[in-house]
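# Remarks on the overall topology
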Amino acid sequence: MARYELVKRSVALITLTNPPVNALSSAVRHAMAKSMEQALNDPKVTAVVICGENGRFCGGADIREFAGPLRGPPLVPLLDAIEAGEKPVVAAIEGVALGGGFELALVCHYCIAHFKVNHFVLKIIKAVGMSRAAKPLSSRRVSMLTTPCPPDLDALLEVVTMEVKKKARGVMAPLACIQAVRAAATMPYSKGIKRESELMATLFNSGQARALQYCFFAQRTAGKWTLPSGAQWNNSKPREIRSAAIIGLGTMGRGIVVSLARVGISVIAVESEKKLLETGKQMVIGMLERDAKRRGVSASLNLLKFTLSLQDLKDVDLVIEAVFEDMALKKRVFQELSKVCRPATLLCTNTSGLDVDALAGVTDRPHLVVGMHFFSPAHVMKLLEVVCGPRSSSETIATAMSLGKRMGKVSVAVGNCPGFVGNRMLKPYMDQATFLLEEGATPEQIDKALEDFGFAMGVFRMSDLAGLDVGWRIRKESGLTGPDVDPKNPPRRRHGRRYCPIPDMVCEQGRFGQKTGRGWYMYDKPGGTNAKPDPLIQNLLEMYRSRYAIQPRNISDQEIIERCLFALANEGFRILEDGIAARPEDIDVIYLFGYGFPRHRGGPMFYASMVGLERVLERLEHYHQAHPDVPHLEPSPLLKKLVACGSPSVQTWREHIKTMHSHL
Ligand SMILES: CCC/C=C/C(=O)SCCNC(=O)CCNC(=O)[C@H](O)C(C)(C)COP(=O)([O-])OP(=O)([O-])OC[C@H]1O[C@@H](n2cnc3c(N)ncnc32)[C@H](O)[C@@H]1OP(=O)([O-])[O-]
């Protein structure tokens with residue numbers, strides 16, 4: 001946990017040894033305290049060096065221990081002892097120095113940030129020699145330093161506070177940091193430290209801290225995918241991918257090309273027409289050049305090839321199809337790929353919800369077919385849903401997961417069903433929002449409630465950004481609206497359940513969102529981003545309500561949050577029951593990285609657990625009773641089961657889910 005050695009007969013070297021990141025666990029703190037005592041009491045020791053094993057100084061407190069009560073010696077007295085000690089202490093920093101690890105470095109009298117380990121001992125000895133020859137230690141103690149305080153501190157912090165409140169809506173920690181900076185600038189050290197401890201205690205005991213800790217581990221859990229067959233992340237070897245092809249240079253295809261090329265993978269990009277190919281090529285080159293400039297590297301344009309011919313794909317390791325979301329078209333592409341590509345080439349589809357197994361079925365290699373659902377813009381968004389068809393091999397899944405990681409994505413393995421995890425859950429969430437419009441709410445009221453909850457964008461602003469026509473086309477294709485609707489259907493019912501036609505009416509007016517300058521809001525111009533409430537939408541809602549004799553009522557923010565978010569989580573429970581996601585953590589990671597769910601709320605499933613499953617169940621029952629024609633509000637059997645089992649912690653829900661239904 002901490003190794004103690006005497007180097008050159010006078011330097012005590014204390015090495016933190018707690019892999020993987022040398023976190024300050026109770027055992028490490030205990031060993032550190034003992035080692036420091038030994039070093040300070042040994043007359044042979046003239047200086048102390050603290051470093052971390054395996055190229056990492058210290059990743060901070062051991063977050064795993066936050067779940068329980070504090071054990072072992074606290075960190076602060078150890079830090080005080082180092083700072084006040086009469087022997088110079090040097091922090092030899094390599095890799096990370098985060099949180100408590102950073103504090104540890106700060107209280108040391110000297111810090112060396114070094115890269116070449118072979119120079120390690122030499123540098124330390126030099127630094128220690130310097131410290132002994134130089135001024136007394138008092139000038140090196142952080143508590144003795146005066147903090148510069150700008151004369152306009154209040155105004156400065158006011159501006160920063162406003163900015164933080166805008167960017168990190170509802171998040172406590174950044175605001176507490178500003179208060180800590182104020183304390184550092186205006187109070188003596190001992191009082192400032194006390195103030196910081198109070199702030200830390202407030203944060204530490206908040207639900208937000210628990211949510212953020214959960215998110216940290218959920219993200220890492222998601223990478224540890226597992227299938228009912230026993231194949232999992234640590235027993236399935238991914239293939240090495242050196243070359244890839246992208247079919248379709250629309251928005252998604254372009255983003256995927258950029259994501260691949262910037263990690264050094266050769267990419268062949270295919271389009272069906274010369275004009276589309278040329279436009280796509282120019283855009284990809286521009287995106288790569290801007291990206292390279294931002295990162296201070298040269299753009300990897302030599303890795304790109306643009307072509308109109310699928311024949312050029314015969315030797316690539318992997319193909320990602322990113323054509324229009326049309327099953328017949330995708331099937332034609334996959335049939336063609338089967339003929340053209342060598343038998344070992346992996347065939348991936350970037351679909352946002354179509355049946356991956358149906359596509360696998362038209363190929364000569366269903367075991368090498370997998371879904372890779374990127375989120376737009378694909379070179380920016382971190383989420384990747386890896387959709388495992390029933391016939392996808394473990395090697396195929398491992399390859400897609402590992403390729404996602406290589407591209408810097410947070411990859412989550414999910415099962416194959418309409419909409420997979422993310423978009424399947426989105427439907428009940430959006431349905432609730434439109435039902436609330438019918439009942440008396442406005443788009444801006446609903447968006448404000450969701451944004452106050454912490455979403456970067458409410459559901460209507462988000463839809464305007466994404467484009468309303470996409471969902472409209474899907475609804476037309478599935479016979480929910482348009483000429484194919486059975487005229488016997490009442491206007492507000494489909495398949496025996498409640499249906500809200502308002503989104504269709506908005507689209508019928510050519511209002512497709514930001515791109516047309518009109519959607520749920522109005523914008524200054526097509527492509528504008530400044531959303532303003534539109535009186536025409538208000539009129540449309542009023543006419544709609546009067547046509548269907550709906551008496552509008554006042555709807556509270558609480559009802560908006562409960563109906564939208566509990567319906568979202570309820571679908572998450574069904575997804576777990578159906579085995580489309582292996583764990584609640586996977587669902588939460590998808591919502592955090594793909595749908596802007598506020599991180600300090602932990603994701604929809606964690607949020608439900610924080611509200612209390614009993615309460616979620618009771619509210620869903622209440623709303624379902626009021627709206628019996630909305631099946632999404634009927635509490636899922638898994639939710640009921642978990643409540644009956646005493647609402648166990650989210651990390652143990654998996655034990656209550658029958659794995660026999662798994663689609664993963
Ligand atoms: C008391 C005074 C107040 C102090 C407060 C604090 O210090 S608050 C803390 C302030 N510190 C932070 O907030 C730092 C949080 N950590 C990080 O930001 C990153 O992990 C990293 C940059 C250290 C390494 O990134 P990377 O991409 O190279 O690697 P990776 O991310 O994949 O992690 C590898 C493995 O290490 C694990 N693990 C990591 N850190 C901790 C930890 N502190 N604890 C426990 N475990 C930790 C991680 O779970 C994973 O385990 P797995 O899945 O293999 O079993």
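Residues numbered from 1 in each chain as written. Predicted model: local features only at pLDDT ≥ 70, side-chain atom pairs only at ≥ 80, totals over all residues. Heavy atoms only, no water.

As recorded in an unreviewed UniProt entry, the protein chain goes by Peroxisomal bifunctional enzyme and comes from Cyprinus carpio.

When its secondary structure is counted, the protein chain shows 24 helices and 15 strands. Relative to the compact-globule value of 26 Å for 664 residues, the protein chain shows a C-alpha radius of gyration of 29 Å, a close match. Reported as C-alpha extents along the three principal axes, the dimensions of the protein chain are approximately 95 × 60 × 50 Å. Counting every atom, the protein chain has about 31200 Å² of accessible surface; 57% of that belongs to carbon and sulfur. Between the averaged position of the 85 positive side-chain charges in the protein chain and that of its 67 negative side-chain charges there is a distance of 5 Å. (Helix = DSSP H or I, 4+ residues; strand = E, 2+ residues; numbered from the N terminus. Rg over C-alpha atoms; globule rule 2.2 N^0.38 Å. Areas by Shrake-Rupley, 256 points an atom, 1.4 Å probe, with all protein chains shown as cover. Lys, Arg positive; Asp, Glu negative; His and termini not counted. Charge placed at Lys NZ, Arg CZ, Asp CG, Glu CD.)

Turning our attention to the packing of aromatic side chains. Scanning all chains against the criterion turns up 14 aromatic pairs. Arranged with centres 6.0 Å apart and planes meeting at 45°, the rings of Trp472 and Phe512 form a pair that is tilted. On the criterion of sequence distance, the pair formed by Trp472 in helix H17 (residues 468-477) and Phe512 in the loop between helix H18 (502-508) and helix H19 (535-547) is long-range, its members being 40 residues apart. Linked through ring pairs, Tyr429, Phe453, Phe455, Phe597 and Tyr607 together constitute an aromatic cluster. When the ring centre of Phe216 is taken as origin, the NZ or CZ atom of Arg220, which lies over that ring, is 3.8 Å away. (Phe/Tyr/Trp six-rings, centres within 6.5 Å; stacked < 30°, edge-to-face > 60°. Lys NZ or Arg CZ within 6 Å of the ring centre and 35° of its normal.)

Around the ligand, a shell composed of 22 residues is seen, among which Arg56, Ala61, Gly100, Arg220 and Lys224 lie nearest. The backbone of Ala61 places a nitrogen or oxygen atom 2.7 Å from an oxygen atom of the ligand. Contact distances for the ligand include 2.7 Å between an oxygen atom and a side-chain N or O atom of Lys224. If the ligand stood free it would expose 1000 Å²; the protein chains cover 64% of that surface. For the shell around the ligand, the secondary-structure elements that each account for two or more residues are helix H3 (100-107) and helix H8 (207-222). For the shell around the ligand, the leading source of residues is H8, giving 3 residues. Looking at side-chain class alone, the shell around the ligand contains 12 nonpolar, 4 polar and 6 charged residues. (Near = heavy atom within 4 Å. Polar contact = N/O pair within 3.5 Å; in protein donor to acceptor, adjacent residues only side chain to side chain. Nonpolar A, V, L, I, M, F, W, Y, C, P; charged D, E, K, R; others polar.)

The subject of this paragraph is the pattern of salt bridges. Inspection of the entire model under this criterion finds 45 salt bridges. Here Arg141 ties to Glu86 by a salt bridge, and the two come within 3.7 Å at their closest N and O atoms. A residue pair is termed long-range when its members are at least 10 positions apart, and Arg141 in the loop between helix H4 (120-133) and helix H5 (153-167) and Glu86 in the loop between helix H2 (75-84) and strand S4 (89-93) qualify at 55 residues. A relative accessible area of 65% places Glu86 in the exposed class. In this structure, Glu240 and Arg242 form a salt bridge, with 3.5 Å as the shortest nitrogen-oxygen distance. No difference in accessibility class separates Glu240 from Arg242, as the two residues are exposed. Ionic contacts of the salt-bridge type, sharing partners, join the residues Glu438, Glu439, Arg492, Arg498, Arg553, Glu559 and Arg563 into one network. (Salt bridge = Lys/Arg side-chain N within 4 Å of Asp/Glu carboxyl O. Buried < 20%, exposed > 50% of the residue type's maximum accessible area, 1.4 Å probe, protein only.)

Feature annotation in UniProt places "domain: 3-hydroxyacyl-CoA dehydrogenase C-terminal" (unreviewed entry) on residues 419-523 and 560-651, given in this structure's numbering. A distance of 30 Å separates the end C-alpha atoms of residues 419-523, which is 51% helix and 4% strand. A helix fraction of 64% and a strand fraction of 0% characterise residues 560-651, whose end C-alpha atoms lie 28 Å from each other. (UniProt positions renumbered as here; feature names shortened; annotations may be inferred.)

The end-to-end C-alpha separation of H8 is 22 Å, in line with the 22 Å expected for 16 residues at 1.5 Å each. Taken as a whole, H8 has its buried residues at Gln208, Ala209, Ala211, Gln213, Tyr214, Cys215, Ala218 and Ala222. (Expected span 1.5 Å × (residues − 1).)

The next subject is unusual backbone geometry. Cis geometry is found at the peptide bond from Pro19 to Pro20, where omega equals 5°. Looking at where Pro20 falls in the secondary structure, it is placed in the loop between strand S2 (11-16) and helix H1 (26-41). The linkage connecting Ser376 with the following residue, Pro377, adopts the cis geometry, with an omega of -5°. When you line up the elements, Pro377 lands in the loop between strand S11 (369-374) and strand S12 (383-388). Its identity as a non-glycine residue notwithstanding, Asn22 has a phi of 55°, on the positive side.

Ranked by size, the top nonpolar core spans 103 residues in total, and within it Leu313, Ile446 and Leu565 carry the most contacts. Counting residues per element, this core draws most heavily on helix H20 (residues 557-577), at 11 residues. Filtering out sequence-adjacent residues up to four positions away, Ile446 remains in contact with Ala433, Leu436, Leu437, Ala441, Val459, Phe460 and Ile560. The next biggest cluster of nonpolar side chains, apart from the first, holds 44 residues, and it includes Ala322, Val370, Cys388 and Ala582. (Core = buried A, V, L, I, M, F, W, Y, C linked by side-chain atoms within 4.5 Å. Contact = heavy atoms within 4.5 Å.)

To continue, consider the UniProt feature "domain: 3-hydroxyacyl-CoA dehydrogenase NAD binding" (unreviewed entry) in the protein chain. UniProt records the feature "domain: 3-hydroxyacyl-CoA dehydrogenase NAD binding" (unreviewed entry) for residues 244-416 in the present numbering. Across residues 244-416, the secondary structure splits into 38% helix and 23% strand, with the terminal C-alpha atoms separated by 23 Å.

Pairing is mixed in the open sheet, where 8 strands are placed in the order S8-S7-S6-S9-S10-S11-S12-S13. Strands at the two margins of the open sheet, each flanked by one partner only, are strand S8 (304-307) and strand S13 (410-415). Neighbouring strand axes in the sheet, compared pairwise and without regard to direction, differ in orientation by 25° on average. In the sheet, strand S6 (residues 243-247) pairs with strand S7 (residues 266-270) via 5 bridges, with the strands oriented parallel. Its bridge partner lying in S7, Ser243 is registered against Ser266. Across the face of the sheet, helix H11 (residues 327-340) comes into contact with S6, strand S9 (318-321), strand S10 (346-349) and S11 while running at roughly 170° to S10. Sitting on the sheet, helix H13 (residues 394-406) is in contact with S9, S10, S11, S12 and S13, with an inclination near 175° to S12. (Pairing = 2+ DSSP bridges. Axes fitted to C-alpha atoms, helices over the stretch in contact; angles between N-to-C directions.)

Here we come to the packing of helix H14 (residues 422-439) against helix H16 (residues 459-466). It is the contact of H14 with H16, at a shortest axis distance of 11 Å, that shows an interaxial angle of 115°. When the axes of H14 and H16 are compared, the pair comes out roughly perpendicular. In this structure, the crossing between H14 and H16 has a hand that is left-handed. Along its contact with H14, which presents Leu426, Tyr429, Met430, Ala433, Thr434 and Leu437, the element H16 presents Val459, Phe460, Met462 and Ser463. (Parallel < 35°, antiparallel > 145°, perpendicular 65-115°, else oblique. Left-handed = near helix turned anticlockwise from the far one by under 90°.)

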